[in-house]
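Structure assessment
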Amino acid sequence: MSDLQWVNEAWSKVNAKVLRTSKKIGANFPHASVNGTYQLEKPYWWTAGFWPGLLWLIYRDTKDESLKTIAEQCEEKLDHVITDYYKLDHDMGFMWTLTSVARYKLLGEEDSKRRALLVANLLLGRFNSQGNYIRAWNPWAEGEDNSGWAIIDCLMNLPLLFWATEVTGDPRYRHAAKKHGQTVLENFIREDGSVHHIIRFDSETGERVEAIGGQGFAPDSAWSRGAGWALYGLALLFKHTNEDKYLQAAKRVSHHFIVNLPEDYVPHWDFRLPDDITKYRDSSAGAIAACGLLLLANQVTQTESKIYKIAGTKILKSLYENYGDWDNENQDGMILSGTSHFPEGKNINVPLIYGDYYFVEGLATLKGDKELFW
């Protein structure tokens, strides 16, 4: 089967499945599929943007008004999160890039622009100028102090800040994004291209204190989804800044990712696991990394480009052929075998909405769509 043939076939199956599941999920916020049904989270949960973002990806191609309506209703439901929720955190970028920025880029709607700019200001407010990082979460329990925590995932929130500079002309957003990016280069990316999930800084002095394992197996392991966030996030940093240091770091992370892939090109949830720990796959890590690899392929010389495009394409093709669930009416998810949080025993070996989203984004890129929401 030719490259174009399988991509078109996969795109057709994605369309059919989403049309069916959209009638069931509606304007809600799915996260993980349990026993075939996507469990719905509150609008403030970090994954709230992925379902409407997925709908916008398909609407861009099909102009299906029913999908547009659901995506717009999801965006409206997020309004009360902006004003009525105390614990908005770094993941504002994930949430409003794939709702408000996506809608503004596609339709030019001013209310989406206003929402996204407001949230960009809230995200900018989390920047710690002593340590040059965007703080991750708020305290999970009374008395907890995680004000010094930054995480690798946050690279994917930076495009909201770059977008805010683009539409306002105010460079403050870009300055903060670049400083956070530099902090990632200095503290998160190991020499071999593997990646830390969490770094704790002293929030008063900005000094690095320690690395924390987070959703990886251990502080010195190599959580594969963290590598996916780093790979794609660094490629996006290069796209927005044209600074070579981000391109070189993205290459280093991508090389580590590619050489650690198993035979079917879909990664295990951590690349460094003891023999007695089950090596579950994390299809979502593969989908995220594939999108990063395809972007990287467009940013390097033609000779280099093949390495990244071939790897990204092989990951997506394997997800489609070996992990896709297309005709089963008892499964809401599209891509099986995601691992959300192994250390906490949460959502292991199940479809995840962000895995579905990035798979569809990667397909759209292979199909020829050039503009990213990020």
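Refer to the preceding data block for the structure.
Scoring rules and cut-offs
- Residue numbers run consecutively from 1 along every chain, following the written order of its sequence.
- Totals for whole chains, interfaces and linings use every residue, but because this is a predicted model, local features are given only for residues with pLDDT of at least 70 and side-chain atom pairs only at 80 or more, for both listing and counting.
- Values reported for side chains reflect all heavy atoms of the structure, with hydrogen atoms and water molecules removed beforehand.
- Partly exposed residues are those whose accessible area sits between 20% and 50% of the maximum for their type, while under 20% is buried and over 50% is exposed, using a 1.4 Å probe and protein chains only.
- A run of H or I in DSSP becomes a helix once it reaches four residues, and a run of E becomes a strand once it reaches two; helices and strands are each numbered from the N terminus.
- The definition of a nonpolar core used throughout is a set of buried Ala, Val, Leu, Ile, Met, Phe, Trp, Tyr and Cys residues joined through side-chain atoms within 4.5 Å.
- The criterion used for residue contact is that any of the two residues' heavy atoms lie within 4.5 Å.
- To obtain each axis, a line is fitted to C-alpha atoms, and for helices this fit is confined to the stretch in contact; angles are then taken between N-to-C directions over 0 to 180 degrees.
- When an angle is under 35 degrees it counts as roughly parallel; over 145 it counts as roughly antiparallel; between 65 and 115 it counts as roughly perpendicular; any other value is oblique.
- Less than a right angle of anticlockwise turn of the near helix away from the far helix marks a crossing as left-handed, whereas a clockwise turn marks it as right-handed.
- Under the scheme applied here, ten amino acids are nonpolar (Ala, Val, Leu, Ile, Met, Phe, Trp, Tyr, Cys and Pro), four are charged (Asp, Glu, Lys and Arg), and all others, including Gly, are polar.
- Take a side-chain nitrogen of Lys or Arg and a carboxyl oxygen of Asp or Glu: if they are within 4 Å of each other, that pair is a salt bridge.
- Multiply 1.5 Å by the residue count of a helix minus one, and that product is the helix's expected span.
- In short, DSSP must find at least two bridges between two strands for them to pair.
- Here a Phe, Tyr or Trp ring, Trp counted by its six-membered ring, pairs with any other such ring whose centre lies within 6.5 Å, and the pair is stacked when the planes are under 30 degrees apart, edge-to-face when over 60, and tilted otherwise.

Here we look at unusual backbone geometry
With the exception of glycine, the majority of residues adopt a negative phi angle, and the majority of peptide bonds are in the trans configuration. Located in the positive-phi region is Lys63, a residue other than glycine, with phi close to 60°. Lys63 sits in the partly exposed class, given a relative accessible area of 49%. One non-glycine residue, Tyr265, adopts positive backbone phi at about 70°. Tracing the backbone shows Tyr265 in the loop between helix H10 (244–259) and helix H11 (283–297).

Some details on the nonpolar core
Membership of the largest hydrophobic core comes to 125 residues, with the highest contact counts inside it found for Ile152, Tyr232, Leu234, Tyr358, Phe359 and Trp374. Apart from residues no more than four positions distant in its own chain, Tyr358 is found in contact with Phe50, Phe94, Met156, Trp229, Tyr232, Ala287, Ile288, Cys291 and Trp374. Membership of the second largest hydrophobic core comes to 6 residues, among which are Ala136, Trp137, Ile198 and Ile212.

Concerning the packing of helix H2 (residues 50–62) against helix H3 (residues 65–77)
Viewed as axis vectors pointing N to C, H2 and H3 meet at an angle of 150°, and their least axial separation amounts to 9 Å. Judged by the inter-axis angle, H2 sits roughly antiparallel to H3. As for the relative orientation of H2 and H3, their crossing is left-handed in sense. Along its contact with H2, which presents Trp51, Pro52, Leu55, Trp56, Ile58 and Tyr59, the element H3 presents Glu65, Leu67, Lys68, Ile70, Ala71, Glu72 and Cys74. Classifying every residue of the contact of H2 with H3 by side-chain character gives 10 nonpolar, no polar and 3 charged.

A look at the pattern of salt bridges
Applying the stated criterion across every chain, the model contains 22 salt bridges. Note that Asp332 and Lys24 form a salt bridge whose closest N and O atoms lie 3.1 Å from each other. With Asp332 in the loop between helix H12 (302–323) and strand E8 (338–341) and Lys24 in helix H1 (residues 3–25), this pair connects stretches of sequence that are 308 residues apart. For Glu75, the salt bridge is made with Arg103, and the minimal N-O distance between the two is 3.9 Å. Taken as a pair, Glu75 in helix H3 and Arg103 in helix H5 (residues 92–107) lie far apart in primary sequence, 28 residues in all. Residue classification places Arg103 among the buried positions, given a relative accessible area of 9%. Salt bridges sharing partners connect three or more residues here, namely Glu65, Lys68, Glu72, Glu75, Asp79, Arg103, Asp111 and Arg115.

Looking at helix H13 (residues 353–367)
One turn of an α-helix holds 3.6 residues; hence residues three or four places apart share an orientation. Helix length check: H13 (15 residues) gives 21 Å between terminal C-alpha atoms against 21 Å at 1.5 Å per residue, within 8%. Within H13, 13 of the 15 residues are buried, which leaves the element mostly enclosed by the surrounding structure. Just past H13, the residue Gly368 takes up positive phi, approximately 120°.

Some words on the pairing of strand E6 (residues 198–201)
Relative to E6, strand E5 (residues 149–151) runs antiparallel, the two sharing 3 bridges. Each bridged residue has a counterpart across the sheet, and for Trp149 the counterpart in E6 is Arg200. Relative to strand E7 (residues 208–212), E6 runs antiparallel, the two being bridged by 4 bridges. Bridge pairing in E7 places Phe201 opposite Arg208. Hairpin connection between E6 and E7: a loop of 6 residues separates the two successive antiparallel strands, and Gly206 in this loop has a positive phi of roughly 85°.

Observations regarding the sheet that holds E5
The strand order across the open sheet built from 3 strands is E5-E6-E7, with neighbouring strands paired in antiparallel fashion. Unpaired on one side and paired on the other, E5 and E7 mark the two borders of the sheet. Along the sheet, successive strands turn relative to each other by an average axial angle of 25°, direction set aside.

Concerning the packing of aromatic side chains
The full count for this structure, using the stated rule, is 27 aromatic pairs. An angle of 55° between the planes, with centres 5.8 Å apart, marks the rings of Phe50 and Tyr358 as tilted. Of this pair, Phe50 sits in helix H2 while Tyr358 is found in helix H13, placing the two residues 308 residues apart along the sequence. Judged on exposure class, the residue Phe50 and its partner Tyr358 are both buried. Aromatic pair Phe257 and Phe271: ring centres 5.2 Å apart, planes at 90°, arrangement edge-to-face.

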